[in-house]
Amino acid sequence: MSVYKNIVNSQEKNKPFDAKFYQELEKLSYNTAKDNVKNQKKIILSAGHSTKKGEDRGAFGNNFIEAEENAKIRKRVYEILKTKYNTEAIIDGDETVLRLSMNYFTNLIRSRKYKENEVIALEIHFNASPNPTANGTETVIPEVHTKFECELANEISRAVAGILNTRLRGTVDGLAGVITEASSRAKRLGWMRIPAENVLLETCFISNKQEMDNYVKNFESICQTLAAILYYNSLSE
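Presented here is an overview of the structure given in this document. Keep in mind the model is a prediction, meaning the values are calculated, not measured.

If you look at the biggest cluster of nonpolar residues, it comprises 52 residues, and the most contacted ones within it are Phe-21, Leu-45, Val-77, Leu-81 and Ile-156. Filtering out sequence-adjacent residues up to four positions away, Leu-81 remains in contact with Ile-43, Leu-45, Asn-86, Thr-87, Ala-89, Ala-227 and Tyr-231. Counting residues in hydrophobic clusters, the runner-up holds 16 residues, among them Leu-108, Val-119, Ala-121 and Leu-189.

Here you go:
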């Protein structure tokens, strides 16, 4: 078992990660060589919705536009993966709509003959509710999913919820902070049709002022942690 998985397993199951997790993760990242790694899964990063006016820009709340925040996280996670972990993720553009992103990623995966279990695909979103106190973090996976997808979603949600001091929403296969697409508002998500290990992060509620204040304050920590989780899950055991 990898050092990273030992750090995860040292945490209380199905609870947001505590301060020790982030300390140990940061320590591990400093000891990570920046040499090329063999048999590493490819990482796809996508910002949900589009920053282009006239297109679906996602939810609005507390003077935030979801698409713009999604793009900020994607950009920073991409930068950290490249500079800190010598890993160049595959990304889409800020103004790209979902259909075009899906076609681009799907065609790329197929043209390079990657297998589904050789690619991690993360799409970044924020949740929203008419109830301004609705809160929490969840990560969505396909209705028919792999063990890897469920465990990755659990780790992502626990990490983000721990930073934001919020709750975990949903449970799938005994793992908290995870829902399947059938439990989402859309019931079926286009992102889950990409031939990869698919996860969709609902970071927190854009409609909740306290959560968004915490998000702004902890933006860098969220991005650093997401990059680390993606990197260590991309490595072969």
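Counted according to the given criterion, the structure contains 10 aromatic pairs. Pairing Tyr-104 with Phe-105 gives two aromatic rings, centres 5.3 Å apart and planes at 55 degrees, and the pair type is tilted. A relative accessible area of 0% places Phe-105 in the buried class. Measuring from centroid to centroid gives 5.0 Å for Phe-126 and Tyr-215, while their planes differ by 80 degrees, and the two rings are edge-to-face. Of this pair, Phe-126 sits in strand β5 (residues 119-127) while Tyr-215 sits in helix α6 (residues 209-217); the two residues are 89 residues apart in sequence, bridging distant segments of the chain. When its relative accessible area of 2% is taken as the criterion, Phe-126 is described as buried. You can call Tyr-215 buried: its relative accessible area is 1%. Through a chain of ring-to-ring contacts, three or more aromatic side chains come together here, namely Tyr-4, Tyr-85, Tyr-231 and Tyr-232. Above the face of the Phe-148 ring, Lys-41 is positioned so that its terminal group lies 4.8 Å from the ring centre.

Take the sheet that holds strand β1 (residues 42-47) next. Spatially, 6 strands are ordered β4-β1-β5-β10-β6-β9 in an open sheet, and the strand pairing comes out mixed. What marks the edges here is a single partner per strand, and that holds for β4 (90-91) and β9 (178-180). The pairing of strand β6 (residues 138-141) with strand β10 (residues 197-205) spans 3 bridges and is antiparallel. Each bridged residue has a counterpart across the sheet, and for Thr-139 the counterpart in β10 is Leu-201. Its contacts with the sheet place α6 against β5 and β10, and it is angled at close to 115 degrees to β10.

Turning our eyes to something else, we now look at unusual backbone geometry. The backbone of Asn-62 sits at a positive phi, close to 55 degrees, despite the residue not being glycine. Of note in the backbone geometry, Asn-86 takes a positive phi value of approximately 50 degrees without being a glycine. Tracing the sequence through the fold places Asn-86 in the loop between α3 (66-85) and β4. By relative accessible area, which is 35% here, Asn-86 ends up partly exposed.

Attention now moves to helix α2 (residues 19-30). The end-to-end C-alpha distance of α2 is 17 Å, a good match for the 16 Å that 12 residues give at a rise of 1.5 Å each. Residues of α2 that are buried include every one of Phe-21, Tyr-22, Leu-25, Leu-28 and Ser-29, and no others. Relative to the axis of α2, the buried residues are bounded by an arc of 125 degrees and lie together on one face. Exposed side of α2, more than 90 degrees from the buried face: Lys-20, Gln-23 and Tyr-30 are the residues found there. Tucked into the core, α2 has its buried residues touching α1 (3-9), α3, α5 (147-164) and α7 (219-234). Looking at where α2 begins, the residue whose side-chain oxygen comes 3.0 Å from the main-chain nitrogen of Lys-20 is Asp-18.

Here the focus is the pairing of β6. Looking along a regular strand, one sees the side chains alternate between the two faces of the sheet. The alternating pattern of β6 places Glu-138 and Val-140 and Thr-139 and Ile-141 on opposite faces, both of which are buried. Here β6 runs beside β9; their pairing, made up of 3 bridges, is parallel. Following the sheet pairing, Thr-139 is matched in β9 by Val-178.

The full count for this structure, using the stated rule, is 12 salt bridges. The network of salt bridges with common partners includes Arg-76, Glu-79 and Glu-220.

Next up on the list: the environment of Leu-25. Locating Leu-25 in the fold gives a position in helix α2. Accessibility expressed as a relative area gives 4% for Leu-25, which makes it buried. In sequence terms Leu-25 and Val-119 are 94 residues apart; their C-alpha atoms lie 23 Å from each other. Ignoring sequence-local partners within four residues, the contact set of Leu-25 consists of Tyr-4, Ile-7, Thr-225, Ala-228 and Tyr-232.

Reading the values: rules and limits
- Residues numbered from 1 in each chain as written.
- Predicted model: local features only at pLDDT ≥ 70, side-chain atom pairs only at ≥ 80, totals over all residues.
- Heavy atoms only, no water.
- Core = buried A, V, L, I, M, F, W, Y, C linked by side-chain atoms within 4.5 Å.
- Buried < 20%, exposed > 50% of the residue type's maximum accessible area, 1.4 Å probe, protein only.
- Contact = heavy atoms within 4.5 Å.
- Phe/Tyr/Trp six-rings, centres within 6.5 Å; stacked < 30°, edge-to-face > 60°.
- Helix = DSSP H or I, 4+ residues; strand = E, 2+ residues; numbered from the N terminus.
- Lys NZ or Arg CZ within 6 Å of the ring centre and 35° of its normal.
- Pairing = 2+ DSSP bridges.
- Axes fitted to C-alpha atoms, helices over the stretch in contact; angles between N-to-C directions.
- Expected span 1.5 Å × (residues − 1).
- Arc of directions from axis to C-beta.
- Polar contact = N/O pair within 3.5 Å; in protein donor to acceptor, adjacent residues only side chain to side chain.
- Salt bridge = Lys/Arg side-chain N within 4 Å of Asp/Glu carboxyl O.

Just distances and angles here, no functional claims.
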